Amino acid sequence: MSKKFVVIGSNSFSGASFVDTLLDAGYEAIGVSRSPEPNPVFLPYKLNGRTGFEFHQLDLNHDLDAIIRLVADSKADYVVNFASQSMVGESWQHPEHWFMTNAVSTVKLHEGLRKIDSLEKYVHISTPEVYGTCEGLVPESTDYHPSTPYAVSRAAGDMSLMSFYQAYDFPVVFTRAANVFGPGQQLYRIVPRTILFFLMGRKLQLHGGGKSVRSFIHIRDVSECTIDIALKAAPPNIYHVSTKRNISIHDLVVMVAEQLGVSFADHVEIVGERLGKDAAYLLDSAKARQEFGWTDKISLEQGIEETISWVKDNLETLRSQPFDYIHKA
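Looking at an unreviewed UniProt entry, the protein carries the name NAD-dependent epimerase/dehydratase family protein, with the source organism given as Pseudodesulfovibrio karagichevae.

J.: Describe the overall build of the protein, listing the residues and the values that go with them.
T.: The secondary structure content of the protein amounts to twelve helices and 15 strands. Seen along its three principal axes, the alpha-carbon backbone of the protein occupies a region of about 60 × 40 × 40 Å. A burial count over the protein gives 55% of its 329 residues as buried. Considering only intrachain contacts with a sequence separation of at least 6, the fraction spanning at least 24 residues in the protein is 81%. Accessible area for the protein stands at about 13900 Å²; split by element, carbon and sulfur atoms hold 50% of it. Here the protein holds 31 positive side-chain charges and 39 negative ones, and the gap between their average locations is 1 Å.

J.: Explain the packing of helix α6 (residues 190–200) against helix α8 (residues 249–260) residue by residue, including any values.
T.: Running from N to C, α6 and α8 cross one another at 40 degrees; their axes reach a closest spacing of 10 Å. With respect to α8, the element α6 is oriented oblique. For the element pair α6 and α8, the recorded crossing hand is right-handed. Across the interface between the two elements, I190, V191, T194, I195, F198 and L199 of α6 pack against I249, L252, V253, V256, A257 and L260 of α8.

J.: An account of the packing of α8 against helix α11 (residues 300–313) is needed here, citing residue identities and associated values.
T.: In the contact formed by α8 and α11, the axes pass within 11 Å of each other and the chain directions differ by 60 degrees. Considering their axes alone, α8 and α11 lie oblique with respect to each other. Judged by the twist between their axes, the crossing of α8 over α11 is right-handed. Contacts from L252, M255, V256, Q259 and L260 in α8 reach L300, E301, I304, E305, I308 and K312 in α11. In terms of residue class, the contact of α8 with α11 is built from seven nonpolar, one polar and three charged.

J.: Report on helix α3 (residues 64–74), specifying residues and quantitative values.
T.: Each α-helix turn comprises 3.6 residues. Residues three or four places apart therefore point the same way. Looking only at α3, the buried set comprises L64, I67, I68, L70, V71 and S74. Taken around the axis of α3, the buried residues stretch over an arc of 155 degrees, which confines them to a single face. In α3, the exposed positions that point more than 90 degrees away from the buried face belong to D65 and D73. Looking at the buried positions of α3, the neighbouring elements they touch are β1 (4–8), β2 (28–33), β3 (53–57), β4 (78–81) and α4 (95–113).

J.: If you had to explain unusual backbone geometry to someone new, which residues and values would you point to?
T.: Cis geometry is found at the peptide bond from P235 to P236, where omega equals -5 degrees. Examined against the element boundaries, P236 turns out to sit in the loop between α7 (219–232) and β12 (238–241). For D169, which is not a glycine, the phi torsion comes out positive at approximately 60 degrees. Take D169: it is sitting in the loop between α5 (149–168) and β7 (172–177).

J.: Would you mind going over α8 in detail, with residue names and values included?
T.: Between its first and last C-alpha, α8 extends 17 Å over twelve residues, near the 16 Å set by a 1.5 Å rise per residue. Among all positions of α8, only I249, L252, V253, M255, V256, A257 and L260 are buried.

J.: Describe the pattern of salt bridges, listing the residues and the values that go with them.
T.: Side-chain pairs of opposite charge can arise where the charged atoms are in close proximity. This model, assessed by the stated rule, comprises 14 salt bridges. For K46, the salt bridge identified is with E37, shortest N-O distance 3.3 Å. Owing to a relative accessible area of 40%, K46 belongs among the partly exposed residues under this scheme. E37 gets classed as partly exposed once you look at its relative accessible area, which sits at 25%. When the shortest N-O distance is used, the salt bridge between E301 and R245 registers 2.7 Å. Of this pair, E301 sits in helix α11 while R245 sits in the loop between β12 and β13 (247–248), placing them 56 residues apart in sequence. On the basis of relative accessible area, R245 is assigned to the partly exposed category, the value being 36%. Among the charged side chains, a salt-bridge network with shared partners connects D20, D24 and R50.

J.: Tell me about the nonpolar core, residues and numbers included.
T.: If you look at the biggest cluster of nonpolar residues, it comprises 34 residues, and the most contacted ones within it are F5, F18, L22, I229 and V241. Looking at this core, the elements that each hand over two or more residues are β1, α1 (13–24), β4, β5 (121–125), β7, α7, β12 and α10 (286–292). Apart from the residues within four sequence positions on either side, F5 is in contact with F18, L22, Y27, E28, A29, I30, Y78, V80, A230 and L231. Grouped together as the second largest cluster of nonpolar side chains are 29 residues, V41, L196, V253 and L315 included.

About the thresholds
- Residues numbered from 1 in each chain as written.
- Predicted model: local features only at pLDDT ≥ 70, side-chain atom pairs only at ≥ 80, totals over all residues.
- Heavy atoms only, no water.
- Helix = DSSP H or I, 4+ residues; strand = E, 2+ residues; numbered from the N terminus.
- Buried < 20%, exposed > 50% of the residue type's maximum accessible area, 1.4 Å probe, protein only.
- Contact = heavy atoms within 4.5 Å.
- Areas by Shrake-Rupley, 256 points an atom, 1.4 Å probe, with all protein chains shown as cover.
- Lys, Arg positive; Asp, Glu negative; His and termini not counted.
- Charge placed at Lys NZ, Arg CZ, Asp CG, Glu CD.
- Axes fitted to C-alpha atoms, helices over the stretch in contact; angles between N-to-C directions.
- Parallel < 35°, antiparallel > 145°, perpendicular 65-115°, else oblique.
- Left-handed = near helix turned anticlockwise from the far one by under 90°.
- Nonpolar A, V, L, I, M, F, W, Y, C, P; charged D, E, K, R; others polar.
- Arc of directions from axis to C-beta.
- Expected span 1.5 Å × (residues − 1).
- Salt bridge = Lys/Arg side-chain N within 4 Å of Asp/Glu carboxyl O.
- Core = buried A, V, L, I, M, F, W, Y, C linked by side-chain atoms within 4.5 Å.

Laid out in C-alpha cells, this is it:
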C-alpha cells in the first residue's frame, strides 16, 4: 500500500516541488494551503501532468480544526509542514503576524497532531535563519541566535516541538535547507527575479551590494532528500540539506547576467542592506549524506540555465504575475 502524505503549505515553492517529487515517486499526496492554487506555472505537478493529488484550501490560522480532521480522516502516514510566514525583511513590519503563524498556530497544530494515532512521522521544514550569522560550516547542533522576528518565531516553534518530543514522544524530525531555487519559484526571490528583470530590461536592486554569502541548492535535490528524511529518519533528528558550494549574492547575479549575455553594471542598482540580514550561514550536510546516501545532483549553473528556460518559456504569463511579495496576515 502506498504511503500517504499531507503536505501543509503545498502552494509554496518548496511545498509544490515536494508534491511533484512525491507524485513522481508513486506516493499519494494531499495538499493544504491558505490560498487557492496559483497559476499552474508555479505548480510543477500540474505542468508535469501528475495524478494522485488532492488539494484543500485551509488556513493554519483560521481552519486548524479542519486541517487536523483532514489528517485524521485521511489516515495520513506522514505530515510535512512547509507553512510559515517566511519573508525575513518584511517580518519587522508586522512581527505579530509572524509569531501568530510560526509559533502560536504552529504549536496548536502540533497539539492536535500528537493525538492522531495513524501519524508515523511529522516533518517540520525549519530554516537556517534560526542560527543567525555564523562562521564556517554549521552543524545541526549549533545554538540558536536568531536576529529577526521571522527567525525568532521559527526558533520558538522548533523549540516547542522538541518539548513535545520529550513530553509526548511526538515523532518529529526537522529539515533546514540552504537557499532553494529552480523553476516555479515566486518572482520576488533572487534567482527568478534577476532573470525576469534582466529579460525585461528593468533595474535589479541589489541590497548591500550582494555581499551576503549563501549556498544555493536546486529544489528537486531538496525534495528528494526530504522524502528520505520522512521515510527513514528517527525522531527528533535535525538534518541540513545543502550543497558544498558557497557564493555571494553579487556573484550569483553576475552568473545570471553572463548566462543571459547582459551587462551587470547596466542592469543592477546597489541599495542599502536589509535590517537584520545575516552575513552568512553555510550548512554542513554531512549527516544526511552519510545516513541516506543522498547527494545533490544539479549544479548551480545547470539550475540557473533550467530556471532561465522556465522564465523564457512562460514569459508572457510571468509578466502578469506579482513581482513583489504580497503580505497576508
